[in-house]
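Chains, contacts and geometry: an overview
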Number of protein chains: 2
Amino acid sequence: MADLETRELRYFLAVAEELHFGRAADRLGIAQPPLSRAIRQLEHRLGVRLFDRDRRGVALTDAGRVLVREAGTALDAVAAAARRTRRAGSPTRPLVLVTKAGASHELLQELLDTHAGEPGATPVEVLLCEVGEQAGLLREGRADVALMHRPFDDLAGFDTEDLCVEGQVAILPASHPLAARDQLTLAEVQDVPDLPIARWPRLDGSYPDGPGPEVHTQSQLAQLVALGKTLLVIPASSRAWQWPEHVAVPVTDAPDVTTVIAWPPRRHTAAVAALVRTAAGLRPHSHPDAGCAGSARTHRRRLPGAARAGAARAGGGPDGGTD
Amino acid sequence: MADLETRELRYFLAVAEELHFGRAADRLGIAQPPLSRAIRQLEHRLGVRLFDRDRRGVALTDAGRVLVREAGTALDAVAAAARRTRRAGSPTRPLVLVTKAGASHELLQELLDTHAGEPGATPVEVLLCEVGEQAGLLREGRADVALMHRPFDDLAGFDTEDLCVEGQVAILPASHPLAARDQLTLAEVQDVPDLPIARWPRLDGSYPDGPGPEVHTQSQLAQLVALGKTLLVIPASSRAWQWPEHVAVPVTDAPDVTTVIAWPPRRHTAAVAALVRTAAGLRPHSHPDAGCAGSARTHRRRLPGAARAGAARAGGGPDGGTD
DNA sequence: CGACGCTGATACCTGTCGTGTATCACAGCG
DNA sequence: CGCTGTGATACACGACAGGTATCAGCGTCG
């Protein structure tokens, strides 16, 4: 029943990702035979086959697929332990807040200003990332809190507090006929032949099939819209996307987007709790037609307000034990 | 930046718990000098002092306290990885559902019956535990889903779905004057001189100060009530506590208790998703005055119903990706 | 006040096991 | 049928975790 070592999990993940012992060993900086042995030993210890070694290739078994996911979170947890402990020892340790570049800009500005005004507030360092990266950064301990957006981001495993609710707009090339409209529906936007929806890479780096262009950063996508190659539907407060060549048209039946502040569970330091409290108190949980903090400007019009005040929240609040 | 090994974390936790290198080494089954070296090396790698070695004792530093918590969850994650992978490889793998012994009995019965009736349902194995143990079992991968109770249990870090809401009752010795009452308030129950509230052990095993008896299992507490030594306030549907020598009296202003089904985030197997769906569909989310599933019998009277339908929920639902 | 006990730290040796080099066995392919 | 490329095997080496013996400080107690 001997416990697994992180080294074994790293080795396993390398092989699982490369599906090739030689390349995996190369990536790990070791030779291939020891890697083969390590995997074999891991399989023996778990009592489970992790790979099907067919003569011309390696494939994950069902159990292997389970371990891919489990090993990932376990290694994240170990890395987070090291990182958080290091930071706990350093004399000055600002809170790291991560958010998608360009999203909820006014809300963030207001949060930072308000927080900075509180007596004895911990300095906050802002880390901007690309779409979907917040969860990983939080899990690895590279960040303490994140601004995330439901239903886009995966909030599973975090404690969250709703901050504001807003509608979505379609971002179109100004030159396109649809850009003249006052409002749109999802159905109208879904299938515009000359503006196919862009494709983001999957976790493994491959792209789904489809007519749209392949992108992996916001800037690429924004430029493709400006070039008249695609369109997108985003929360009204997202500023980074909105170029002069763009037009934003409210999409009436698009699901509302909730901006939430999220933090790893059971990690309430006093500093995080204070920041969360400040965020929650920014305004009475998003006034029905205020959009998010600040004016949710678009290039064409203000949005029809978002109804449905924030509701959900994971576990216990951010108050509680102080340490 | 070399990664930590789980061995180092286990060593650290042992020392942190014993606060004594000799005893910790003993517990780990190794000699003391290697342990000292390992800790020293760990401190060096992290660049942080973890212990203050005063001449007559070892104490955790701030960074050490952070690592205690982090190492715990990291080791849980590693153990869960091993356990879940093993189970994924075994031919027959029933779902393990854990709940507090005696809690929400009727709801559980109904859930199991309904689930068993579904076509192709995975067999469910029920694991009964003591108060507050569910979270750990879920984190360590010993269980797949849990029935938990808000606000008592710590739901942080899990996905949850509300199942039902109910009021609380005071469990009193039948012989006590208060047992004759129709209903009570928290204030009345809080400070009964001859029925001091029992004390549960803290995480470190020590007991808080106070007049009440020390307990660490439900049965002990139930018997102490029967003996006229203490009282307690619990959800109306908790059956294990209610002996013939007990009387249950509704506490009108006690906070409502929500029974939830919880599972580790990002672990939606099809089987878990199906069970959660069944649970959520058991009835239209707790009818205002139905109490929990089945009749919430007490020895004296039915409870005044619990209002406030379930609201919160953590991350994404249990549907989604099937694997 | 000095001998003793107890703490964790140090010194040094040993055995294990993770690693590298060399090689093999087997499939696909031209 | 040899070539290429895969992962598995054999074996020797070296790093490092672990054990034993001992030391150094600080209580305590006769």
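Residues numbered from 1 in each chain as written. Chains lettered and ligands numbered in written order. Predicted model: local features only at pLDDT ≥ 70, side-chain atom pairs only at ≥ 80, totals over all residues. Heavy atoms only, no water.

Rules: UniProt positions are given in the numbering used here, feature names are shortened, and annotations may be inferred rather than shown by experiment.
Named according to an unreviewed UniProt entry, chain A is LysR family transcriptional regulator originating from Haloactinopolyspora alba. Annotation of chain A in UniProt includes, under Sequence similarities (unreviewed entry), the sentence "Belongs to the LysR transcriptional regulatory family."

1. Topic: the relation of the copies chain A and chain B
Both copies of the chain are placed relative to one another by a rotation about an axis and a shift along it. To be explicit about the condition: The copies were overlaid by least squares, fitting only the C-alpha atoms of residues that reach a pLDDT of 70 or more in each copy. For this analysis, residues touch if any pair of their heavy atoms sits within 4.5 Å.
Relative to chain B, chain A is turned by 180 degrees and slid 0.0 Å along the rotation axis, the superposed coordinates differing by an RMSD of 0.1 Å. Taken together, the rotation and translation relating the two chain copies correspond to the operation of a two-fold axis. Most of the interface of chain A is mirrored in chain B, where 98% of its interface residues again form contacts.

2. Here we look at the protein's contact with DNA strand C
The condition is simple: Nearness of a residue to a molecule or strand requires only that one of the residue's heavy atoms be within 4 Å of it. Two N or O atoms count as a polar contact when they lie within 3.5 Å, although within protein this holds only if one can serve as hydrogen donor and the other as acceptor, and sequence-adjacent residues are included solely when both atoms are side-chain atoms. Helix and strand assignments follow DSSP, with helices taken as H or I runs no shorter than four residues and strands as E runs no shorter than two, numbered in order from the N terminus. Only Asp, Glu, Lys and Arg are considered charged in this grouping, and only Ala, Val, Leu, Ile, Met, Phe, Trp, Tyr, Cys and Pro are considered nonpolar; every other residue, Gly among them, is considered polar.
Not every one of the 21 residues close to DNA strand C is listed here, only the nearest: Ala-31 and Arg-37 of chain A together with His-20, Phe-21 and Ser-36 of chain B. Sugar plus phosphate: this is where 67% of the atoms of DNA strand C within 4 Å of the protein reside. Arg-37 of chain A has a polar side-chain atom sitting 3.3 Å from a base oxygen of DNA strand C. Here a phosphate oxygen of DNA strand C sits 3.5 Å away from a polar atom, N or O, in the side chain of Arg-40 of chain B. Elements that contribute at least two residues to the surface near DNA strand C include exactly α1 (6–18) and α3 (32–46) of chain A together with α2 (21–28) and α3 (32–46) of chain B. Looking at the surface near DNA strand C residue by residue, the class counts come to eight nonpolar, six polar and seven charged.

3. Concerning the interface of chain A and chain B
Rules: Here the quantity called buried area is the accessible surface, traced with a 1.4 Å probe, that two parts lose on coming together, added over both. The rule for a salt bridge is simple: a side-chain nitrogen of Lys or Arg has to be within 4 Å of a carboxyl oxygen of Asp or Glu.
Each partner contributes residues to the interface: chain A has 45 residues there, and chain B has 44 residues. Between chain A and chain B, roughly 4100 Å² of surface is buried when both sides are summed, and carbon and sulfur atoms account for 56% of that area. Joining chain A to chain B, the criterion identifies eight salt bridges. A salt bridge links Glu-70 of chain B to Arg-84 of chain A; the shortest N-O distance between them is 3.0 Å. Between chain A and chain B we count twelve residue pairs in polar contact (both at pLDDT 80 or more) in total. The set of elements that each furnish at least two residues to the side of chain A that touches chain B consists of α1, α3 and α4 (62–89) of chain A. In terms of residues, the side of chain A that touches chain B owes the most to one element, α4 of chain A, which gives 18 residues. In terms of residue class, the side of chain A that touches chain B is built from 22 nonpolar, seven polar and 16 charged.

4. Concerning the sheet that holds strand β5 (residues 145–150) of chain A
All names here are of chain A. How we decide: Note on pairing: two strands pair once DSSP finds at least 2 bridges between them. Angles here are taken between N-to-C directions and fall from 0 to 180 degrees, while the axes themselves are lines fitted to C-alpha atoms, restricted in helices to the stretch in contact.
Here we have five strands laid out as an open sheet, ordered β4-β3-β5-β10-β6, and mixed in their pairing. Unpaired on one side and paired on the other, β4 (124–129) and β6 (159–166) mark the two borders of the sheet. Each neighbouring strand pair of the sheet contributes to a mean axis angle of 25 degrees, computed without reference to strand direction. As paired elements, strand β3 (residues 95–100) and β5 share two bridges and run parallel to each other.

5. Some details on the packing of α1 of chain A against helix α2 (residues 21–28) of chain A
Residues and elements named next belong to chain A. Heads up, the condition is: Throughout, the term roughly parallel applies to angles under 35 degrees, roughly antiparallel to angles over 145, roughly perpendicular to angles from 65 to 115, and oblique to all others. For any pair of crossing helices, the crossing counts as left-handed if the nearer helix is rotated counterclockwise from the farther one by less than a right angle, and right-handed if it is rotated clockwise.
Closest axis-to-axis distance for the α1/α2 pair is 8 Å, and the angle between their directions is 130 degrees. Relative to α2, the element α1 is oriented oblique. Like other packed secondary-structure pairs, α1 and α2 cross with a definite hand, here right-handed. Across the interface between the two elements, Arg-10, Tyr-11, Ala-14, Val-15, Glu-17 and Glu-18 of α1 pack against Phe-21, Arg-23, Ala-24, Arg-27 and Leu-28 of α2.

6. Some points on the side chain of Thr-85 of chain A
Where we set the bar: Any residue under 20% of the maximum accessible area for its type is buried, any over 50% is exposed, and the rest in between are partly exposed; the area is computed with a 1.4 Å probe on protein chains only.
Tracing the backbone shows Thr-85 of chain A in helix α4. With relative accessibility at 0%, the residue Thr-85 of chain A sits in the buried group. If near-sequence neighbours (up to four positions away) are discounted, Thr-85 of chain A is found in contact with Leu-46, Val-48, Leu-50, Ala-63, Val-66 and Leu-67 of chain B.

7. Some words on the packing of helix α1 (residues 6–18) of chain B against helix α4 (residues 62–89) of chain B
Residues and elements named next belong to chain B. At their nearest, the axes of α1 and α4 sit 9 Å apart, and the two run at 130 degrees to each other. Comparing the axis directions of α1 and α4 gives the class oblique. Viewed along their axes, α1 and α4 form a crossing whose handedness is left-handed. In this structure, α1 uses Thr-6, Leu-9, Arg-10, Phe-12, Leu-13 and Ala-16 to contact α4, whose residues at the interface are Gly-64, Leu-67, Val-68, Ala-71, Gly-72, Ala-74, Leu-75 and Val-78. Residue composition of the contact of α1 with α4, by class: ten nonpolar, three polar and one charged.

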